[in-house]
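The lines below spell out each chain.
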Amino acid sequence: METLLSLLTQAIRTIQETEIISRGYSRPSRTVPISRMEKQASSYQCLVLRRRVFDVCRQGTVLLRRRTQLLHEKYPLNEELDSVHSYLAFSPLEQLHPYLLDGECETDCTAENLPSLSLESLKDACNLLAVQNSELFQRLALNLGRSNLTASAS
């Protein structure tokens, strides 16, 4: 998963650099206000890469959420320590990232009609994927710790 997150981060950086260069800057720089420039743009650069990054983040987030929910259902722990309110996996996805439920853009992918492909949205989707991954491993650790305690007690 670290490799996937690293590749997604590199892809987002490539998109950002392409956007900066397409606006006339000679070198990519972290000081360029790309988010503000992107809001004023009429179209995006690297649309295929943006779609792929977004789709991977969306599919990965949904998969990790389902696995966390499944572990919670199949292997319940002490309710005081393990409430569904402690997990993002049980929060409505629309509240965490408003565009993760959107379908793919088939035809007219411009900045106005597809905010889910903005750099800000892609970064948020990638961060949510990382958090969901962490949450799944947290749940696995809780389950493994419980089974180790049970095995050592008997």
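Structure first, text after, so check above.
Being a predicted model, the structure only gives us computed values, none of them experimental.

Undergrad: So what's going on with the nonpolar core? Residues and values would help.
TA: One finds Leu-8, Val-53, Cys-57 and Leu-122 to be the most contacted residues of the largest nonpolar core, which totals 21 residues. Not counting residues up to four positions away in its chain, the partners in contact with Cys-57 are Leu-8, Ala-125, Cys-126 and Leu-129.

Undergrad: Which residues make up the pattern of salt bridges, and what values do they have?
TA: Within the structure shown, the criterion is met by two salt bridges. With a shortest N-O distance of 2.6 Å, Glu-19 and Arg-50 are connected by a salt bridge. Linking Glu-19 in helix α1 (residues 2-22) with Arg-50 in helix α3 (residues 47-74), this pair joins segments that are 31 residues apart in sequence. There is no split in this pair, since Glu-19 and Arg-50 are both buried. Of the charged contacts, one joins Asp-55 and Arg-58 as a salt bridge, the two residues approaching to 2.7 Å between their closest N and O atoms. Of this pair, Asp-55 and Arg-58 both sit in helix α3, three residues apart, which is roughly one turn of the helix. Pair check on accessibility: Asp-55 and Arg-58 agree, each one buried.

Undergrad: Can you tell me about the environment of Leu-117, naming the residues and giving the values?
TA: Its location among the elements puts Leu-117 in the loop between α4 (93-96) and α5 (119-153). A relative accessible area of 2% means that Leu-117 is categorised as buried. For Leu-117 and Leu-47, which are 70 residues apart along the polypeptide, the C-alpha to C-alpha distance reads 8.0 Å. Look past the residues within four positions of Leu-117 in its chain and what remains in contact with it is Tyr-44, Leu-47, Arg-50, Arg-51, Phe-54 and Leu-122.

Undergrad: Can you explain the packing of α1 against α3? Please cite residues and give values.
TA: Packing of α1 against α3 leaves a shortest axis separation of 10 Å and a crossing angle of 150 degrees. Relative to α3, the element α1 lies roughly antiparallel. Handedness of the crossing formed by α1 with α3: left-handed. Contacts from Leu-4, Leu-8, Ala-11, Ile-12, Thr-14, Ile-15 and Glu-19 of α1 reach α3 at Leu-49, Arg-50, Val-53, Val-56 and Cys-57. When grouped by side-chain class, the residues that make up the contact of α1 with α3 number nine nonpolar, one polar and two charged.

What counts and what doesn't
- Residues numbered from 1 in each chain as written.
- Predicted model: local features only at pLDDT ≥ 70, side-chain atom pairs only at ≥ 80, totals over all residues.
- Heavy atoms only, no water.
- Core = buried A, V, L, I, M, F, W, Y, C linked by side-chain atoms within 4.5 Å.
- Buried < 20%, exposed > 50% of the residue type's maximum accessible area, 1.4 Å probe, protein only.
- Contact = heavy atoms within 4.5 Å.
- Salt bridge = Lys/Arg side-chain N within 4 Å of Asp/Glu carboxyl O.
- Helix = DSSP H or I, 4+ residues; strand = E, 2+ residues; numbered from the N terminus.
- Axes fitted to C-alpha atoms, helices over the stretch in contact; angles between N-to-C directions.
- Parallel < 35°, antiparallel > 145°, perpendicular 65-115°, else oblique.
- Left-handed = near helix turned anticlockwise from the far one by under 90°.
- Nonpolar A, V, L, I, M, F, W, Y, C, P; charged D, E, K, R; others polar.

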